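# Observations on chain architecture
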Amino acid sequence: MGGVLVSRASPAAYGRIALGLVLLVAVLVWFLPSYYTGLLTQIGLYALVTIGLNLFMGYAGQVSLGQAAFVGIGAYTSAALAVKGHVTPWVGLIAGALVAALVAYILSFIALRLRENLLALATLALGIVINVVFNEWEFIGGSSGFKDIPGFALGTFTFDQRAYAILAWALVAIGIWFAGNVVRSSFGRALVAISAGELGAQTLGVDSERLKRQTFVLSAVYAGVAGAVYASSFSYIDPSSFSFLLSVNFVLMSVIGGIRSMWGAVIGAAVVVALGQVLQNVVPVVLPSARGDFQSFFLGVILIAMLILLPRGITSRLREARA
Amino acid sequence: MIAQLWQYVLAGVVVGAIYALIAAGFVLIYQVTGLINFAQGEFAMIGAMTASALATSGMPVFEAAAIAVLVASVTGALCYLLAIRPARAATGVTLIFITLGLDVALRGLGLFVWGTNPLSLPAFTGGAAITVFGGVLPPQAMWVLLTDLLVFAALYLFFRHTYAGTAVRAAVANPPIASTFGIPLRTFAFWSFVAAAAIGGLGGVVVAPITSATYDMGLTLGLAGFVAAVLGGLDSLPGALVGGFVLGIVEKLAGGVLSTGWEQGVGFLILVLVLVLRPQGLLGRAVRRA
């Protein structure tokens, strides 16, 4: 993937811009119709997953086609605790992240032995196996999932759409700040060394197995947190919410924004969600026969076109323009 | 109980034969280009949907089947020319994402063209169900197995007994040397996509009378094809055949004994076990840490 290896922005700058984003969202939600506030929440949660994915794919140079499964694990953990155990979603959020991390840790011993093609295949397969478990395990609702999942609350205030949008973007801000620090540490430089060539990195004393595992687990934490918030904010989940197609969407967000960029994750999530809205409204007008999940055609074509024309994502072009 | 298990095995042989065809497509493309084509299952979808749509509008089954295979082949050619070839300089991960994009795009295209309703295709020949040691097979199963026999025999003859087949094997064994002998690697890459698409399309056509055809059948078939190819060994055509049958039988047994939801899950558990314990597959030769 090449390109700019280490961003010029300082960690403090990352923190300031991220804080600015949260404030922007906190203001916006008072003016936007509630439908758009919901979309804003969705963009934030997708961005959070993509930030984690970019650490694993963009910086460590690996590939995961099963990220939706970790989102699902976070969502199911939090929902099961809340519905079955009446545990507050705040604890569910942490539990979701921990369970996702634990599953990623165990799976990493299988998946991370593999490279490129086979790693892609293995993560895809593990993602689908996890989805089968969601479907078949009656304790967590089987194919009908969970309904009426309790929402977040602070004291007597129960979260509404606005509060979820702010929560989601606060998490994005923390996620970007943390990832920005990770990337600029010796850990982040070691990751870049792995993506440039694993053998080379090892000869420089980088424990590549361990670093890849830690990054994989970290990406699962991002996904698990997003999943837990998703479960409470939509109050309904079922296995189809975390399908293979969602994993492909995360790849698309990552590629559109720029696989080795934190802001790219935000831009990619926003573009993909906006695109989904446009397609949903425009295509049925032009082609009345279009039904179901026809958007996937455009997502696929855009993914291919991006990879051929702008393989380093939108942010790479922005950076060149600024330089 | 035994009779029940035997029936699962027979059902597994039929789906396994289809998996073997799709796995053969993977192996062809992987050997020639080093690429795992995530869109492989969609060629089967296009074959099945085209044949079913044509037959539904009144075309005789065999004509519809022939046109469907042709349409799938052209799709394969276009995939290579429009998506793979322009990105030849790209790294491995980028190419994986591109074939992933192809998969999603073709599935969406199928939805546009044929809609969400399942289409059915009449069996190639009528007749009563076939009884094998007390188990029952639909008459179409004979066509499925015959197709496997013909396709794998043709592949064997091509690779072992034709000049072009030998050249392809040389190109696979050592691309730079083969290239200096004037073997056109890019042309082979193109034809590997066409052949894989034709074989995949044929698999879709022969299975359509048994399973019926839907726009989203490609992903499931494609994933099963991967598992079969990896199980048999990604660089081995006989491996694809063996892998397909083993996977089909294990899936149907698991589905029958546990529940049908586990069919796919068991397939992937096998995949994960093979990737970890024997990455070269059952019949694969070299240990590749790809």
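Quick notes on the rules
- Residues numbered from 1 in each chain as written.
- Chains lettered and ligands numbered in written order.
- Predicted model: local features only at pLDDT ≥ 70, side-chain atom pairs only at ≥ 80, totals over all residues.
- Heavy atoms only, no water.
- Helix = DSSP H or I, 4+ residues; strand = E, 2+ residues; numbered from the N terminus.
- Rg over C-alpha atoms; globule rule 2.2 N^0.38 Å.
- Buried < 20%, exposed > 50% of the residue type's maximum accessible area, 1.4 Å probe, protein only.
- Lys, Arg positive; Asp, Glu negative; His and termini not counted.
- Charge placed at Lys NZ, Arg CZ, Asp CG, Glu CD.
- Areas by Shrake-Rupley, 256 points an atom, 1.4 Å probe, with all protein chains shown as cover.
- Salt bridge = Lys/Arg side-chain N within 4 Å of Asp/Glu carboxyl O.
- Contact = heavy atoms within 4.5 Å.
- Buried area = accessible area lost by both parts, 1.4 Å probe.
- Polar contact = N/O pair within 3.5 Å; in protein donor to acceptor, adjacent residues only side chain to side chain.
- Nonpolar A, V, L, I, M, F, W, Y, C, P; charged D, E, K, R; others polar.
- Phe/Tyr/Trp six-rings, centres within 6.5 Å; stacked < 30°, edge-to-face > 60°.
- Lys NZ or Arg CZ within 6 Å of the ring centre and 35° of its normal.
- Core = buried A, V, L, I, M, F, W, Y, C linked by side-chain atoms within 4.5 Å.
- Expected span 1.5 Å × (residues − 1).
- pLDDT = per-residue confidence, 0-100.
- Axes fitted to C-alpha atoms, helices over the stretch in contact; angles between N-to-C directions.
- Left-handed = near helix turned anticlockwise from the far one by under 90°.

### Regarding the overall build of chain A
Tallying secondary structure elements over chain A gives 13 helices and two strands in all. The C-alpha atoms of chain A give 19 Å as radius of gyration, which agrees with the globular expectation for 323 residues (20 Å, within 12%). Counting across all 323 residues of chain A, residues that qualify as buried make up 57%. One finds the centroid of the 18 positive side-chain charges in chain A at a distance of 13 Å from the centroid of its 11 negative side-chain charges.

### With respect to the overall build of chain B
Along chain B, the regular secondary structure elements total 11 helices and two strands. Reading chain B from its N terminus to its C terminus gives the helix and strand order α-α-α-α-β-β-α-α-α-α-α-α-α. Rg of the C-alpha trace for chain B: 19 Å, near the compact-globule value of 19 Å for 290 residues, within the 12% margin. With the principal axes as the frame, chain B shows a C-alpha extent of 55 × 45 × 35 Å. By the burial criterion, 55% of the 290 residues in chain B qualify as buried. Per element, the accessible surface of chain B, about 11600 Å² overall, is 71% carbon and sulfur. If you average the places of the 11 positive and of the 8 negative side-chain charges in chain B, the two averages end up 17 Å apart.

### Some details on the pattern of salt bridges
Scanning all chains against the criterion turns up three salt bridges over all chains. Taken together, the salt bridges that share partners define one network made up of Glu42, Asp103 and Arg107 of chain B.

### Quick word on the interface of chain B and chain A
Across the contact, 47 residues belong to chain B and 44 residues belong to chain A. Regarding the contact of chain B and chain A, the summed buried area is about 4000 Å², with carbon and sulfur atoms giving 78% of it. The largest contributions to the chain B side of the interface with chain A come from Phe97, Phe112 and Leu275 of chain B, which together make up 18% of the buried area. Inspection of the chain B/chain A interface yields zero salt bridges. Taken together, chain B and chain A are joined by one residue pair in polar contact (both at pLDDT 80 or more). Sorting the residues of the side of chain B that touches chain A by element identifies helix H3 (61-84), helix H4 (92-114), helix H9 (217-232) and helix H11 (262-277) of chain B as the ones contributing at least two each. Looking at the side of chain B that touches chain A, the element that brings in the most residues is H4 of chain B, giving 17 residues. For the side of chain B that touches chain A, a count of residues per class yields 32 nonpolar, 12 polar and three charged.

### So, the packing of aromatic side chains
Residue and element names in this part refer to chain A. If you walk through the whole model with that rule in mind, you get 31 aromatic pairs over all chains. The structure contains a cluster of three or more aromatic residues connected by ring pairs, namely Tyr76, Phe134, Phe146, Tyr230, Phe234 and Phe242. Positioned above the aromatic ring of phenylalanine 109 is the side chain of arginine 213, whose terminal nitrogen or guanidinium carbon lies 3.8 Å from the ring centre. Sitting above the plane of the tyrosine 59 ring, arginine 260 keeps its charged end 5.9 Å from the centroid.

### Description of the environment of isoleucine 314 of chain A
Residue and element names in this part refer to chain A. When you line up the elements, isoleucine 314 lands in helix H13 (residues 314-322). Under the relative-accessibility criterion, isoleucine 314 is labelled partly exposed at 27%. Remark: the alpha-carbon pair of isoleucine 314 and valine 301, spanning 13 residues in sequence, is separated by 16 Å.

### Topic: the environment of leucine 114 of chain A
Within the secondary structure layout, leucine 114 of chain A lies in the loop between helix H4 (89-111) and helix H5 (116-136). With relative accessibility at 6%, the residue leucine 114 of chain A sits in the buried group. Between the alpha carbons of leucine 114 of chain A and glutamine 62 of chain A there is a distance of 9.7 Å; along the sequence they are 52 residues apart. If we skip the residues at most four places from it in the chain, leucine 114 of chain A touches Leu119 and Ala122 of chain A together with Leu275 of chain B.

### A closer look at the nonpolar core
The tendency in soluble globular proteins is for nonpolar side chains to be buried as a group. Counting residues in hydrophobic clusters, the biggest one holds 213 residues, and the most contacted among them are Ile237 of chain A together with Phe38 and Phe97 of chain B. Counting residues per element, this core draws most heavily on helix H1 (residues 2-33) of chain B, which supplies 16 residues. Not counting residues within four places of it along the chain, the set of residues in contact with phenylalanine 38 of chain B comprises Leu65, Ala120, Leu121 and Leu124 of chain A together with Ile96, Thr99, Leu100, Asp103 and Phe226 of chain B. Grouped together as the second largest cluster of nonpolar side chains are six residues, Val283 and Phe294 of chain A together with Phe112 and Tyr215 of chain B included.

### Remarks on helix H2 (residues 40-56) of chain B
Residues and elements named next belong to chain B. Here H2 is 17 residues long and its end C-alpha atoms lie 25 Å apart, about the 24 Å a rise of 1.5 Å per residue gives. Summarising burial for H2: 14 of the 17 residues are buried, a large majority. Just past H2, the residue glycine 58 takes up positive phi, approximately 110°.

### Concerning the environment of glycine 15 of chain A
Turning to its location among the elements, glycine 15 of chain A is positioned in helix H1 (residues 11-28). Separated by 131 residues in the primary sequence, glycine 15 of chain A and phenylalanine 146 of chain A place their C-alpha atoms 36 Å from one another.

### So, unusual backbone geometry
Residue and element names in this part refer to chain A. For histidine 86, which is not glycine, the phi torsion reads 50° and is therefore positive. Within the secondary structure layout, histidine 86 lies in the loop between helix H3 (67-85) and H4. Even without being glycine, aspartate 148 reaches a positive phi, approximately 50°. Among the secondary structure elements, aspartate 148 is positioned in the loop between H5 and strand E1 (153-154). Under the relative-accessibility criterion, aspartate 148 is labelled exposed at 67%.

### With respect to H3 of chain A
Residue and element names in this part refer to chain A. Between its terminal C-alpha atoms H3 stretches 27 Å, which fits the 27 Å expected from 19 residues at 1.5 Å a residue. Here H3 lies mainly inside the structure; 15 of its 19 residues are buried. Positive backbone phi, approximately 50°, marks histidine 86, located one or two places after H3.

### So, the side chain of asparagine 131 of chain A
Structurally, asparagine 131 of chain A can be placed in helix H5. A distance of 3.1 Å separates a polar atom in the side chain of asparagine 131 of chain A from the backbone oxygen of proline 239 of chain A.

### Comments concerning the confidence of the model for chain A
Taken as a whole, chain A shows an average pLDDT of 85; of its residues, 93% reach a score of 70 or greater. Contacts of residues 1-6 of chain A to residues separated by more than four positions or lying in other chains number 13 contacts, the stretch itself having pLDDT below 50.

### As for the packing of helix H10 (residues 244-257) of chain A against helix H12 (residues 295-309) of chain A
All names here are of chain A. One way to put it is that H10 packs onto H12 with a least axis distance of 10 Å and a crossing angle of 35°. The element H10 and its partner H12 pack so that their crossing is left-handed. Listed contacts from H12 to Asn249, Leu252, Val255 and Ile256 of H10 are Leu299, Ile302, Leu303, Met306 and Leu307. Looking at the contact of H10 with H12, its residues break down into eight nonpolar, one polar and no charged.

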